[in-house]
Amino acid sequence: MARVTKDPETRRKEFIAAARELFIEKGFDQTSVSDITDKVGMSHGSFFYYFKSKKGVMEEVINDNLTSWKDFMLDLVANEEMNALKKMQIIFTMTIKSRKAKQNINEFFQKEGNAVMYREHRKKSREIVVPLITQIVEQGVDEGIFNIEFPRETVEYVGYVVENLGDSLKATQSEEEYYRKIRALEIFLTRVAGIGENEFNLLEGKYR
């Protein structure tokens, strides 16, 4: 039987998929290049044709995880029919609604051996998100909606708060505590943005 030869992009994706599964199962530190090549059924030489190191394939795993969020953000930034306040409200509402998925991601990164991946994921996420949200904030300043003197720096500071939102909401013990945390976030954001206190509406109907 003739050997099936796969195109380079298909093979590269197989290595990435195998690495992702092993990182989830064993942790980044505990996964070797040999583990990855054995799973794919290829040689070390094939692996190093596509990636310089294990860290290289880790970066690709992270990039794949962030691709859908980046595409969504790019579409949102490019939307000329929506004002900046509405765009920001969508971003924060989605962040809150996706807290369960974020908890799962956080639990994965907190697994022993994944500290390196955790730091790299946060770094890559900031590299994608900060410039795009800064564009939205600058749009809001131009529209006269936001009163922010230093858009990028403000976005960076707020980002540190939002990065820990999933862990904070996970720790809630009651609906009342959940309400208080989201309401506090609303007030914080409105004051940072320099808009009216009730302009950000992040709470679902039952909490209003």
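All residue numbers refer to positions counted from 1 along the written sequence of the respective chain. Restriction of local features to residues with pLDDT of at least 70 applies here, the model being predicted, together with a cutoff of 80 or more for giving and counting side-chain atom pairs; totals for whole chains, interfaces and linings are based on all residues. Side-chain calculation: all heavy atoms of the structure are included, whereas hydrogens and water are not.

Enquirer: Please set out the overall build of the protein residue by residue, giving values where relevant.
Expert: Per the secondary structure count, the protein includes 10 helices and zero strands. Secondary structure elements are defined from DSSP: runs of H or I of at least 4 residues count as helices, runs of E of at least 2 residues count as strands, and each element is numbered from the N terminus. Listing the helices and strands of the protein from first to last along the sequence gives α-α-α-α-α-α-α-α-α-α. To measure how exposed things are, a 1.4 Å probe is used in the Shrake-Rupley method; for residues, cover is taken only from the protein chains shown. Counting only carbon and sulfur atoms, one obtains 50% of the accessible surface of the protein, whose full area is about 12,200 Å².

Enquirer: Give a description of the pattern of salt bridges that names residues and reports values.
Expert: Oppositely charged side chains can pair when the atoms bearing their charge come close. We define a salt bridge as a contact between a side-chain nitrogen of Lys or Arg and a carboxyl oxygen of Asp or Glu at a distance within 4 Å. Under the counting rule described, the total for this entry stands at nine salt bridges. Arg-12 is the salt-bridge partner of Glu-9, the closest N and O atoms lying 2.9 Å from each other. In this pair, Glu-9 and Arg-12 are both assigned in helix α1 (residues 8-26), three residues apart and thus about one turn of the helix distant. On the basis of relative accessibility, which here comes to 36%, the residue Glu-9 falls in the partly exposed class. One salt bridge in this structure joins Arg-183 and Glu-186, with 2.7 Å as the shortest N-O distance. Of this pair, Arg-183 and Glu-186 both sit in helix α10 (residues 175-193), three residues apart, roughly one helical turn. Remark: exposure states derive from per-residue accessible area (1.4 Å probe, protein chains only) relative to the maximum for the residue type, with buried under 20%, exposed over 50%, and partly exposed in between. A relative accessible area of 13% means that Arg-183 is categorised as buried.

Enquirer: Mind laying out the packing of helix α4 (residues 54-78) against helix α7 (residues 115-143), listing which residues take part and the relevant values?
Expert: Taken N-terminus to C-terminus, the directions of α4 and α7 make an angle of 20 degrees; their axes are 10 Å apart at the nearest point. Overall, the two elements α4 and α7 adopt an arrangement that is roughly parallel. The handedness of the crossing between α4 and α7 comes out as right-handed. A class-by-class count of the residues in the contact of α4 with α7 yields 16 nonpolar, four polar and five charged. Between the N-to-C directions of two axes lies an angle of 0 to 180 degrees, each axis being a line fitted to C-alpha atoms and, for a helix, fitted only over the stretch in contact. These descriptions rest on fixed angle ranges, namely under 35 degrees for roughly parallel, over 145 for roughly antiparallel, 65 to 115 for roughly perpendicular, and the rest for oblique. Left-handed describes a crossing whose near helix is turned anticlockwise from the far helix through less than a right angle; right-handed describes the clockwise counterpart. Here the term charged refers only to Asp, Glu, Lys and Arg, the term nonpolar to Ala, Val, Leu, Ile, Met, Phe, Trp, Tyr, Cys and Pro, and the term polar to all other amino acids, Gly among them.

Enquirer: Can you explain helix α5 (residues 84-97)? Please cite residues and give values.
Expert: A helix's residues, less one, multiplied by 1.5 Å, set its expected span. The terminal C-alpha atoms of α5 lie 20 Å apart, and with 14 residues this matches the ideal 20 Å at 1.5 Å per residue to within 8%. Turning to α5, its buried residues are Ala-84, Leu-85, Lys-87, Met-88, Gln-89, Ile-91, Phe-92, Thr-95 and Ile-96. In this structure Asn-83 caps α5, since a side-chain oxygen of it lies 3.1 Å from the backbone nitrogen of Leu-85. In the analysis that follows, any N or O atom pair within 3.5 Å is treated as a polar contact, provided that within protein one partner can donate a hydrogen and the other can accept it, and provided that, for residues neighboring in sequence, both atoms belong to side chains.

Enquirer: Any details on the packing of aromatic side chains? Residues and values, ideally.
Expert: Each Phe, Tyr or Trp ring, with Trp reduced to its six-membered ring, pairs with another whose centre is within 6.5 Å; inter-plane angles below 30 degrees give stacked pairs, above 60 give edge-to-face pairs, and intermediate values give tilted ones. As enumerated under the stated definition, the model contains 10 aromatic pairs in all. Taking 5.7 Å as the distance between ring centres and 90 degrees as the angle between the ring planes, the aromatic pair formed by Phe-15 and Phe-47 counts as edge-to-face. Placement of the pair is Phe-15 in helix α1 and Phe-47 in helix α3 (residues 44-50), with a sequence separation of 32 residues. For Phe-15, a relative accessible area of 0% puts it in the buried group.

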